[in-house]
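# Residue-level structure breakdown
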Amino acid sequence: MDFKEITSFNVEKLVLNARNIAFSYNSQPDAQILRNISIRTNSSQITAIVGPSGCGKTTLINIILSLLPATKGEVTLFGKNIGEKCVGIPGPNVGYMPQDEALPRDLSVRQSLFFFGLLYKMSINDIRAKIPLLLGQVGLSECGHKFMNQLSGGMRRRVSLAIALIHSPPLMILDEPTVGCDPPLRSGIWDLLVKIAKEKGSSIVITTHYIEECRKANIIYFLRKGLVVGMGSPDFILQKTNTTNMDDAFYEMCCRIEKSDDNAPIPIPYDGKLSPREYKQIKLQKDSLWYKFWITLALICRYFLAFARSPASIFLCVTIPTASILLVHLCLSPRVIGAPIGIVIENQTIFADDTEFKRLGIKPICLECTNPEHFVDYMNRRVFQIVRYDNLVDAMEDVKKLTISGVLYINSQFSDHFLARLTEHFSDLSEAEARNTIVRVYGDAADTFVFDAMESYLQDAYLKFYKASRINLGLKDIPPFPFDIGDPILGDDKDAPTDKSYFTLIGGIIGLSMSCCVVVAGFSMITDITDKTLYRYLSTGLSVGQIFVAQTFANSIFMTSSTILTLFTVIYLIQLSVTLQSIVLASGILWGQALIGLLLGQLIATSLVSEIFILVTGLSMYYTIAAVSGTCITLESQPYYLSAVSGLLPNTKPLEALRTILLRNLDLSNPTVYQGYIANTIKITLK
């Protein structure tokens, strides 16, 4: 008995003709998924491809849709070779329902239908008119406003079916449309498909492993282990197998094939070369540039809406960068607030020898100015909490008890001999007298942060006390040291004792811009891949390039806002004096880094589909940038082996340019600035 026989086709309306299709991964004959499969289907006809899971049904569907290349064989659609753009497959001439739901989670039912209607080249008026009718057909009239997570599994299957039906395509390919549905729902879906085939004249190819439900199909192809083990109309199959149901018929065919001496695949008899007029006439369209722009814009809006409805994405791109900058500023700016410090000042003797004053040629305005109590007055009270002690021993004991952070001790002879230091007659003092003019500081070196900060602030207070004492004694206001630091040529005159974090904060913006963009773009692409919406987009005729551009553009809108917010946070924290031109140039550098991160995240996601890998990559990039590209330490202070690596990173030149723009207010005429822009452009082009 030959189960390769097939019922006659109406060749005047032939839609799909697949001949001798074979497929194997890595071209290994022993790992063939499909072996010489031939399938044809007409308009107004339902063709069912039946078989257990893993028999090759989905692979065959992907080959027909040009989503997967066949190892051998040929496919023609409407008399044209597969893959020709004028065929409209993938594109608006096919309605594809994948085995997975492949539905946008962030769109409601109506929004999903509207979005896919645009992708299928429908006009807005046609979409609006079709949606209510279609929702009524699939029994979802009351669910149009609901999102996918609010629907049951069966409802989501009906939404997926509605997307494939919305543009009334001449060819519909439905991969397991009834999987997971209860029997009444499966029966309802089949009744709807029969009605569409008759009324619309569509050719419907449906795969399923529910064999018995295929009685409503016009032609059935039975697949097992990549082979067609039988084909024909339901009545023909039951008659030839002498069975009463399709399950028994399929079992009977499989048994007979296994028992035969040669179970190699037998090609379907071919009626000869078909002329173009024997195929169903369809509208063959070419995509215009305007249509491609319109579809890409629709895709951008879809991704923008997805981002806006994702609290996690908004938190990642807005909250985390700004919060990280604030934490870096708090951790790296050496601002000691309210550190308790012990003060021990012994009773002072104020020098008041008029003869000596005349000899020195000075007329004191105020002798009391040399009293070390005024030195204490110049100490920053936000930094230090003054604790008075009568003697040095008690103060040191409290340091050991961790009650105070340190001790400042001033000898009783300080004021008496301080005049010699002020008048530059220090050489007139004996060694013992000279020691009495020294302010001694004892601290807790185990707390290096407070210890170093205390030293800096006390030196600052001493210099102010020294200068004020010279003025009050009537001395010339000359520098107390043999050199003077003039006003800076470039940049602001930073108060070193109060803030040293500006160097790292500016580098942090670069690192956060790129690493956050890698994670955001990677997650966006992975969501499309894992949800299978990416393959559904491709079936509508969208190109991978359009999807990449749309995702990049939509994500860049949010990431640009986040980057600008972070930039202004840094400007406020370190109180930079920047011009509008500097802000514009800095934003350009940061936008370039964000774009590099978005492109890199997409490439990583398509290569290795793993959320964990994306997160690890983002963190690794941030710490690598911080360690090597000059975020925390200058390039001049790096060892030679790190300097060689830093020059290869995409952040080093832009980081130098960003510091030059913000700290020096230089423009594109400066080589460091335009080199940063050039580095960004090269990296974006390479991506």
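## Structural notes on the packing of aromatic side chains
Tallied over the entire structure, the rule returns 11 aromatic pairs. An angle of 20 degrees between the planes, with centres 5.2 Å apart, marks the rings of Phe-222 and Phe-250 as stacked. Here the residue Phe-222 occupies a position in strand 9 (residues 219-224), and Phe-250 occupies one in helix 7 (residues 246-259), the gap between them amounting to 28 residues. Judged by relative accessible area, which is 0%, Phe-222 ranks as buried.

## Some words on the packing of helix 16 (residues 502-530) against helix 22 (residues 652-664)
Where helix 16 contacts helix 22, the two axes come as close as 10 Å, and the packing angle between them is 130 degrees. Taken together, the axes of helix 16 and helix 22 lie oblique to each other. For the element pair helix 16 and helix 22, the recorded crossing hand is right-handed. Residues Tyr-502, Phe-503, Ile-506, Gly-507 and Ile-510 of helix 16 form the contact with helix 22, whose own contacting residues are Pro-654, Leu-655, Leu-658, Arg-659, Leu-662 and Leu-663. Along the lines of polarity and charge, the residues of the contact of helix 16 with helix 22 split into nine nonpolar, one polar and one charged.

## Comments concerning the sheet that holds strand 13 (residues 406-410)
Paired through their backbone hydrogen bonds, the strands of a sheet run either parallel or antiparallel. With mixed pairing, four strands are arranged side by side in an open sheet as 12-11-13-14. Of all the strands in the sheet, just strand 12 (384-388) and strand 14 (440-443) have a single pairing partner and so form its edges. Recorded for the sheet is a direction-independent mean angle of 25 degrees between the axes of neighbouring strands. Note that strand 11 (residues 339-345) and strand 13 share five bridges and pair parallel. Bridge pairing links Ile-345 to Ile-410 in strand 13. Along the sheet, helix 12 (residues 392-400) makes contact with strand 11, strand 13 and strand 14, crossing strand 13 at roughly 165 degrees.

## With respect to a nonpolar patch on the surface
There is a patch of nonpolar side chains on the surface, built from Ile-124, Trp-290, Phe-293, Trp-294 and Leu-297 and spanning about 500 Å² of accessible area. With four residues, helix 8 (residues 289-308) is the largest single contributor of residues to the nonpolar patch. Along the chain, Phe-293 falls in helix 8.

## A closer look at the nonpolar core
Membership of the largest hydrophobic core comes to 92 residues, with the highest contact counts inside it found for Leu-113, Leu-174, Leu-193, Phe-222 and Tyr-537. With 10 residues, the top contributor of residues to this core is helix 16. Residue contacts for Phe-222: discarding those within four places in its chain leaves Val-50, Ile-211, Leu-227, Val-228, Val-229, Gly-230, Ile-237, Met-246, Phe-250 and Met-253. Listed in part, the 31 residues of the second largest apolar core include Ile-362, Met-379, Ile-410 and Tyr-466.

## Things to note about the pairing of strand 8 (residues 203-208)
Within strand 8, six of the six residues are buried, which leaves the element mostly enclosed by the surrounding structure. The two faces of strand 8 match: Ser-203, Val-205 and Thr-207 on one face and Ile-204, Ile-206 and Thr-208 on the other face are all buried. Sheet analysis places strand 3 (residues 46-50) next to strand 8, joined by five bridges and oriented parallel. Residue pairing in the sheet places Ala-48 in a bridge with Ile-206 of strand 8. The sheet contact formed by strand 7 (residues 171-175) and strand 8 spans five bridges and is parallel. Residue pairing across strands places Leu-171 opposite Ser-203, the latter belonging to strand 8. Note on the crossover from strand 7 through helix 5 (residues 183-200) to strand 8: the handedness is right-handed.

## What about the environment of Asp-175?
Residue placement: Asp-175 occurs in strand 7. Separated by 118 residues in the primary sequence, Asp-175 and Lys-57 place their C-alpha atoms 8.0 Å from one another. When neighbours within four sequence positions are excluded, Asp-175 is seen to be in contact with Thr-58, Met-97, Pro-98, Gln-99, Arg-157 and Thr-207.

## Some points on the confidence of the model for the chain
Taken as a whole, the chain shows an average pLDDT of 80; of its residues, 86% reach a score of 70 or greater. Below a pLDDT of 50 lies the segment residues 1-12, which in the model reaches 36 contacts outside its immediate sequence neighbourhood of four places, other chains included. Segment residues 261-277 is flagged for pLDDT under 50; beyond a separation of four residues in sequence, or across chains, it makes 24 contacts in the model.

## Some details on the side chain of Asp-528
If you trace the backbone, Asp-528 turns up in helix 16. Buried charged residue Asp-528 carries no salt bridge. Nearest counter-charge: Arg-302, at 4.4 Å. Within polar-contact distance, the side chain of Asp-528 engages the side chain of Gln-551 at 3.0 Å. What Asp-528 contacts, discounting residues up to four positions off in sequence, is Arg-302, Tyr-303, Thr-533, Leu-534, Tyr-537 and Gln-551.

## Focus on the sheet that holds strand 1 (residues 14-24)
Overall, antiparallel pairing links the four strands, which are arranged 2-1-4-5 in an open sheet. Strands with a single pairing partner mark the edges of an open sheet, and in this sheet they are strand 2 (32-42) and strand 5 (80-81). Running at roughly 60 degrees to strand 2, helix 1 (residues 57-64) makes contact with strand 1, strand 2 and strand 4 (72-77) of the sheet.

## Section: unusual backbone geometry
Of note, the phi angle at Phe-78 is positive, near 55 degrees, even though the residue is not glycine. Tracing the backbone shows Phe-78 in the loop between strand 4 and strand 5. The exposure class assigned to Phe-78 is buried, which follows from its relative accessible area of 6%. One non-glycine residue with positive phi stands out, namely Ala-102, at about 50 degrees. For Ala-102, the location among the structural elements is in the loop between strand 6 (94-97) and helix 2 (109-119).

Cut-offs applied
- Residues numbered from 1 in each chain as written.
- Predicted model: local features only at pLDDT ≥ 70, side-chain atom pairs only at ≥ 80, totals over all residues.
- Heavy atoms only, no water.
- Phe/Tyr/Trp six-rings, centres within 6.5 Å; stacked < 30°, edge-to-face > 60°.
- Helix = DSSP H or I, 4+ residues; strand = E, 2+ residues; numbered from the N terminus.
- Buried < 20%, exposed > 50% of the residue type's maximum accessible area, 1.4 Å probe, protein only.
- Axes fitted to C-alpha atoms, helices over the stretch in contact; angles between N-to-C directions.
- Parallel < 35°, antiparallel > 145°, perpendicular 65-115°, else oblique.
- Left-handed = near helix turned anticlockwise from the far one by under 90°.
- Contact = heavy atoms within 4.5 Å.
- Nonpolar A, V, L, I, M, F, W, Y, C, P; charged D, E, K, R; others polar.
- Pairing = 2+ DSSP bridges.
- Patch = residues over 30% accessible without salt bridge, like charges linked within 9 Å, V, L, I, M, F, W, Y side chains within 5 Å.
- Areas by Shrake-Rupley, 256 points an atom, 1.4 Å probe, with all protein chains shown as cover.
- Salt bridge = Lys/Arg side-chain N within 4 Å of Asp/Glu carboxyl O.
- Core = buried A, V, L, I, M, F, W, Y, C linked by side-chain atoms within 4.5 Å.
- Right-handed = clockwise from strand over helix to strand, strands pointing away.
- pLDDT = per-residue confidence, 0-100.
- Lys, Arg positive; Asp, Glu negative; His and termini not counted.
- Polar contact = N/O pair within 3.5 Å; in protein donor to acceptor, adjacent residues only side chain to side chain.

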